[in-house]
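Fold and geometry: a report
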Amino acid sequence: MLLDTASLYFRAYFGVPDSVKAPDGTPVNAVRGLLDFIARLVQDRRPDDLVACMDADWRPAWRVELIPSYKAHRVAEETEAGPDEEEVPDALSPQVPVIEAVLDALGIARVGVAGYEADDVIGTLAGRAAGPVDIVTGDRDLYQLVDDARGVRVLYPLKGVGTLQVTDEAWLRAKYGVDGPGYADLALLRGDPSDGLPGVPGIGEKTAAKLLATYGDLAGIMAAVDDPSSRLTPAQRKRLDEARDYLAVAPKVVRVAGDVPLPDFDPALPVGPRHPQTLEELAARWGLGGSLDRLLSALRG
């Protein structure tokens, strides 16, 4: 089981009231919400391995060089060295180091790699996995990794993590008319304002799905643009032709990397905390109470 950690703690932050506070009055709604998410996932799904995948770089320079608008609207502050600072709610930022410390004390593997997003870590781990993989994320970008033959699914939280939409190829085909790799092509044609991806003007989701159904993939669509006998409408041909520069670079930006240089780590689901004393201190300092107890109980099985 691979967790898109930032996606889940953002959801926890917005889903759990900020009246949930540590003894000193600091909000810990994202921390406790995430611990409850993980407890429920462990209890309901019982994975052999669990990896909390992290954004070591939420907006990698190599993606920005190709498409400068990539996530540009979410930059709080540009920095010369290292990743730009992301716009994060004031009450959430201080909770992230607490989340990291708690996961480490529990012994839940936490993996982030400089220059890559959590999506890329997830893509690399999913590609290397010998058995089935469940990816837990509130980010539809990762639908591109769905692969029935390899048992890779996306569990997309609809309400908390009590209700998860199990996304497999049948679900993707029913909803979008594409498979996993086809979803990446659909996304780059349609665009995604939340990631600053412009898409092809005038090509919405339905048109993109129809084009992919007719021509197979992005390469097939572009071959049709160059083929005067293809059945593209004049308007579609013109729009796609004018978007050539964007379409030449967009696949590298939209598709998750599958070759991230991962550190050595132990992905096994712990049955008890790795550092009990540290965990006890964190629990007292941050008032983690029932949320941590529920997770420890779920881990014990």
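In case you missed it, the structure is sitting above this.
Residues numbered from 1 in each chain as written. Predicted model: local features only at pLDDT ≥ 70, side-chain atom pairs only at ≥ 80, totals over all residues. Heavy atoms only, no water.

Focus: the side chain of Asp141
Just so we agree on the cut-off: Put simply, DSSP H or I for four residues or longer makes a helix, DSSP E for two residues or longer makes a strand, and each gets a number counted from the N terminus. To sort residues, take the accessible area from a 1.4 Å probe on protein chains only and compare it with the maximum for the residue type: under 20% means buried, over 50% means exposed, and anything in between is partly exposed. Residues counted as positive are Lys and Arg, residues counted as negative are Asp and Glu, and His and the chain ends are not counted. By convention in these notes, a salt bridge is any Lys or Arg side-chain nitrogen within 4 Å of a carboxyl oxygen on Asp or Glu. Here, residues are in contact when the closest pair of their heavy atoms is within 4.5 Å.
Looking at where Asp141 falls in the secondary structure, it is placed in the loop between strand S6 (133-136) and strand S7 (152-159). Of the side chains bearing the opposite charge, Arg190 lies closest to the buried Asp141, which forms no salt bridge; the N-O distance is 5.8 Å. Other than its neighbours up to four places away in sequence, Asp141 contacts Asp119, Tyr183, Asp192 and Asp195.

Describing the pairing of S7
Which entries qualify depends on this criterion: The rule for pairing is simple: two strands pair if DSSP sees at least two bridges between them.
The pairing of S6 with S7 spans four bridges and is parallel. The residue of S7 that forms the bridge with Asp134 is Arg153. Pairing geometry for S7 and strand S8 (residues 163-167), over five bridges, is antiparallel. Among the inter-strand pairings, Leu155 is bridged to a residue of S8, identified as Val166.

So, the sheet that holds S7
Worth spelling out the cut-off: Note on geometry: axes are C-alpha line fits, over the in-contact stretch for helices, and angles between N-to-C directions span 0 to 180 degrees.
With mixed pairing, the six strands of this open sheet are ordered in space as S5-S2-S1-S6-S7-S8. Each edge of the sheet is formed by a strand with only one pairing partner; in this case those strands are strand S5 (109-111) and S8. Neighbour-to-neighbour, the strand axes of this sheet turn through a mean angle of 25°, independent of strand direction. As paired strands, strand S1 (residues 2-4) and S6 are joined by two bridges and run parallel to one another. Note on S6: the bridge partner recorded for Leu3 is Val136. Packing against the sheet, helix H2 (residues 29-45) makes contact with S1, S6, S7 and S8, and its axis sits at approximately 60° to S8.

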